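Given next are the chains, with one letter for each unit.
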Amino acid sequence: MAQKGLQLDQETISCSICLDLLKDPVAIPCGHSYCMNCINSFWDEEDGKKLYSCPQCRQTFTPRPVLVKNTMLAVLVEELKKTGLQAAPADHCYAGPEDVACDVCTGRKLKALKSCQVCLASFCKRHLQPHYDAAPLKKHKLVEPSKKLQENICSRHDEVMKMFCRTDQQCICYLCSVDQHQGHDTVSAAAERTERQRELEGSRQKLQQRIQDREKEVKLLQQEVEAINHSAGKTVEHSEKIFTQLIGLIDKRRSDVKQQIRSQQETEVSRVKELQEKLEQEITELKRKDAELEQLSHTEDHNQFLHNYTSVSALSQSTHSSSINIRPLRYFEDVTAAVSELRDKLQDILRETWTNISQTVTEVDVLLSNPEPKTRAEFLKYSQEITLDPNTAHSNLLLSDGNRRATVTKQHYSSHTDRFTSYYQVLSRESLTGRCYWEVKWSGTGGVYIAVAYKNISRTGSLNECGFGFNDKSWALNCHQNNFYFQGNGLSFHISGPPSSRIGVYLDHRAGVLSFYSISKIMTLLHRVQTTFTQPLYAGLCFYQSTDTAVFCKLQ
């Protein structure tokens with residue numbers, strides 16, 4: 001308490017002009033004390049007005065008061081000097097490079113407590129006091145300390161900019177409104193602030209709603225992680241029980257299934273967690289943006305508000321969809337069924353059923369929000385290299401260019417159960433699941449069928465049995481000169497679209513989407529199929545005449 005009292009005495013006997021201990025202290029008629037040299041210098045500047053005022057309370061005196069040294073204060077100052085104490089404010093009270101300094105202080109300046117939008121100056125606590133005491137100054141608008149007060153002054157007319165030109169989107173002064181901005185849509189800065197404040201609140205509501213949406217999606221994704229882990233764990237457990245009954249011959253296949261399940265589990269969990277992390281990052285960014293908008297909404301300076309509004313009010317586009325669509329799957333339970341089938345068909349498992357198990361595992365997929373590609377560059381991300389299977393090629397088809405090209409010509413192939421015998425058709429080596437994209441360049445006068453089909457489509461028989469697009473096991477786009485026809489599921493109809501010798505095919509096996517595109521300078525959708533694919537698909541080609549040829553393009 002004694003130290004507090006001493007600190008109070010130090011403040012009392014400091015000069016408000018030089019901010020140091022009083023030197024030759026004098027008291028003026030209003031009762032305030034100053035260094036004799038400081039107050040004389042201050043009044044010397046007012047000699048022309050013949051009116052002398054107190055720097056603190058602004059009380060005026062006429063004539064100039066006669067100054068007499070205050071002996072009592074002088075003694076007190078000397079006593080304090082003997083103790084080694086200083087009356088200057090603590091260092092943290094002085095303005096640093098990042099602080100707003102008092103415009104009235106001389107020498108080392110104190111931090112400003114407020115800025116006045118009328119005086120266009122900033123004041124420390126001591127020099128701000130007249131704004132609270134003097135009636136004319138009480139009407140002035142005080143705001144938080146600002147270094148940008150001069151930005152409120154019109155550089156053309158040296159007037160305070162209290163208006164806003166909506167035509168040119170800038171703050172102006174009154175003279176500007178009748179000068180170069182005459183005839184423009186102008187309002188007061190306060191009115192424009194009110195309007196923008198409403199917009200700001202709307203933006204904050206949208207931000208908050210997006211935050212809530214993302215938080216819900218994060219929670220949903222976490223539930224999916226738990227479901228995947230639970231399903232995978234159960235599948236591993238059941239598979240282990242079944243495989244323990246199969247000794248010797250199928251021991252290797254047991255470990256392979258386990259490895260695939262764990263690998264797919266890790267892949268799917270990784271995908272979900274990656275999106276989860278992105279959403280959490282977006283939530284953090286949205287909250288930061290909300291904080292910026294909240295801070296801006298409390299800005300008292302209308303011009304500063306309008307100056308900063310554009311840069312902080314715009315909402316960034318979301319990198320994610322507004323909702324997460326999770327298709328309810330049983331995840332790995334189908335694997336258990338496949339393994340059970342393996343146990344019952346031991347003799348055939350190594351040659352045929354193993355492919356079914358492996359494929360079932362890899363098809364486990366949480367359908368996160370992943371929209372269909374829109375541009376060719378996006379389609380190319382799913383590009384699939386296609387090669388043709390010589391064992392399926394009709395004997396009148398020649399395969400070349402690494403089995404990517406097929407041409408109608410007489411060939412001599414050995415007999416094979418997979419070979420087409422009724423029509424000039426051929427299937428790819430590669431089975432197609434998931435998302436795939438490929439392009440085919442064709443030519444000829446007879447017409448080329450660009451198709452997809454199940455592997456078990458008949459190799460011989462009538463058109464309805466084995467022809468691409470004429471049964472429920474295949475879908476095809478018939479490219480004939482400048483016309484396109486779609487055939488599939490018993491349907492056949494003409495398709496209008498720009499003629500092109502290059503056709504793009506997009507398959508999303510899990511979503512049941514098959515799309516055909518005309519490729520030229522632009523990419524045009526010709527037809528889109530929405531169905532359910534029950535087996536892996538294979539790319540196919542079908543020809544009619546010896547002039548026809550087609551090649552699966554190499555995509556970069």
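Residues numbered from 1 in each chain as written. Predicted model: local features only at pLDDT ≥ 70, side-chain atom pairs only at ≥ 80, totals over all residues. Heavy atoms only, no water.

This brings us to the overall build of the chain. Counting its secondary structure elements, the chain contains 13 helices and 23 strands. Expressed as a percentage of the 556 residues in the chain, the buried residues total 43%. If you take every contact in the chain between residues at least 6 apart in sequence, the share linking residues at least 24 apart comes to 61%. Of the roughly 29,600 Å² that the chain leaves accessible, carbon and sulfur atoms contribute 50%. (Helix = DSSP H or I, 4+ residues; strand = E, 2+ residues; numbered from the N terminus. Buried < 20%, exposed > 50% of the residue type's maximum accessible area, 1.4 Å probe, protein only. Contact = heavy atoms within 4.5 Å. Areas by Shrake-Rupley, 256 points an atom, 1.4 Å probe, with all protein chains shown as cover.)

Moving on, we get to unusual backbone geometry. A negative phi angle characterises most non-glycine residues, just as the trans form characterises most peptide bonds. The peptide bond linking Thr62 to Pro63 adopts the cis configuration, its omega dihedral lying at 0°. In this structure, Asp24 takes a positive phi of about 50° despite not being glycine. Structurally, the position occupied by Asp24 is in the loop between helix 1 (2-12) and strand 1 (25-27). Residue classification places Asp24 among the partly exposed residues on the basis of a relative accessible area of 41%.

UniProt annotation of "coiled-coil region" (unreviewed entry) refers to residues 197-231 and 262-299 when read in the numbering used here. Between the C-alpha atoms that bound residues 262-299 the distance is 55 Å, and the span itself is 95% helix and 0% strand. (UniProt positions renumbered as here; feature names shortened; annotations may be inferred.)

Reading across the sheet, the three strands line up as 6-5-7 and stay open at both edges, with antiparallel pairing between neighbours. The sheet terminates laterally at strand 6 (121-123) and strand 7 (142-143), the two strands that pair on one side only. Here strand 5 (residues 114-116) runs beside strand 7; their pairing, made up of two bridges, is antiparallel. Note on strand 7: the bridge partner recorded for Cys116 is Leu142. Of the strands in this sheet, strand 5, strand 6 and strand 7 touch helix 4 (residues 125-133), which is tilted by about 110° from strand 6. (Pairing = 2+ DSSP bridges. Axes fitted to C-alpha atoms, helices over the stretch in contact; angles between N-to-C directions.)

Another aspect to go through is the nonpolar core. Among the nonpolar cores identified, the biggest contains 42 residues, and Ile261, Phe332 and Val335 are the most heavily contacted of them. Contributing elements (two or more residues each) for this core: strand 8 (163-165), strand 9 (170-172), helix 7 (189-243), helix 8 (251-297), helix 9 (302-313) and helix 10 (333-344). If you tally residues by element for this core, the top one is helix 7, at 11 residues. Among the nonpolar cores identified, the runner-up in size contains 37 residues, and Ile386, Leu399, Trp442 and Phe543 belong to it. (Core = buried A, V, L, I, M, F, W, Y, C linked by side-chain atoms within 4.5 Å.)

With that settled, the discussion passes to the environment of Glu266. Inspection of the secondary structure assignment puts Glu266 in helix 8. Looking at Glu266, the relative accessible area reads 59%, which means it is exposed. In this structure the C-alpha to C-alpha distance between Glu266 and Asn229, which are 37 residues apart in sequence, comes to 9.1 Å.

According to the stated counting rule, one finds 22 salt bridges in the structure shown. Asp508 is the salt-bridge partner of Arg435, the closest N and O atoms lying 3.3 Å from each other. Here Arg435, found in strand 14 (residues 435-443), pairs with Asp508, found in strand 19 (residues 502-508); they are 73 residues apart in sequence, far enough to count as distant. When its relative accessible area of 8% is taken as the criterion, Asp508 is described as buried. Connected via shared salt-bridge partners are Arg210, Arg214, Glu217 and Glu282. (Salt bridge = Lys/Arg side-chain N within 4 Å of Asp/Glu carboxyl O.)

What follows is about the packing of aromatic side chains. In this structure the tally under the stated criterion is 14 aromatic pairs. Centroid distance Tyr449 to Phe470: 6.5 Å. Interplanar angle 45°. Geometry classified as tilted. Of this pair, Tyr449 sits in strand 15 (residues 448-454) while Phe470 sits in the loop between helix 13 (463-466) and strand 16 (474-480); the two residues are 21 residues apart in sequence, bridging distant segments of the chain. A relative accessible area of 25% means that Phe470 is categorised as partly exposed. Ring geometry for Phe486 versus Phe493: centroids 5.5 Å apart, planes at 45°, classification tilted. Given a relative accessible area of 3%, Phe486 falls into the buried group. (Phe/Tyr/Trp six-rings, centres within 6.5 Å; stacked < 30°, edge-to-face > 60°.)

When you line up the elements, Ala406 lands in strand 12 (residues 405-408). The exposure class of Ala406 is buried, given its relative accessible area of 0%. If near-sequence neighbours (up to four positions away) are discounted, Ala406 is found in contact with Leu388, Leu398, Leu399, Leu541, Phe543, Asp548, Thr549 and Ala550.

What follows concerns the pairing of strand 17 (residues 483-488). When a strand is regular, its side chains alternate between the sheet's two faces. Here strand 16 runs beside strand 17; their pairing, made up of six bridges, is antiparallel. Residue pairing in the sheet places Ala476 in a bridge with Gln487 of strand 17. Hairpin geometry of strand 16 and strand 17 is characterised by an intervening segment of two residues between the two adjacent antiparallel strands and by a positive phi of about 50° at Gln481. Here strand 17 folds back onto strand 18 (residues 491-495) in antiparallel fashion, the turn holding two residues, of which Asn489 has a positive phi close to 55°.

Attention shifts here to the sheet that holds strand 10 (residues 186-188). Spatial strand order, 9-8-10: three strands in an open sheet with antiparallel pairing. Pairing within the sheet leaves two strands with one partner each, and these edge strands are strand 9 and strand 10. When strand polarity is set aside, the average angle formed by the axes of neighbouring strands in this sheet is 35°. Taken strand by strand, helix 7 contacts strand 8 and strand 10, and its axis lies near 90° from that of strand 10.

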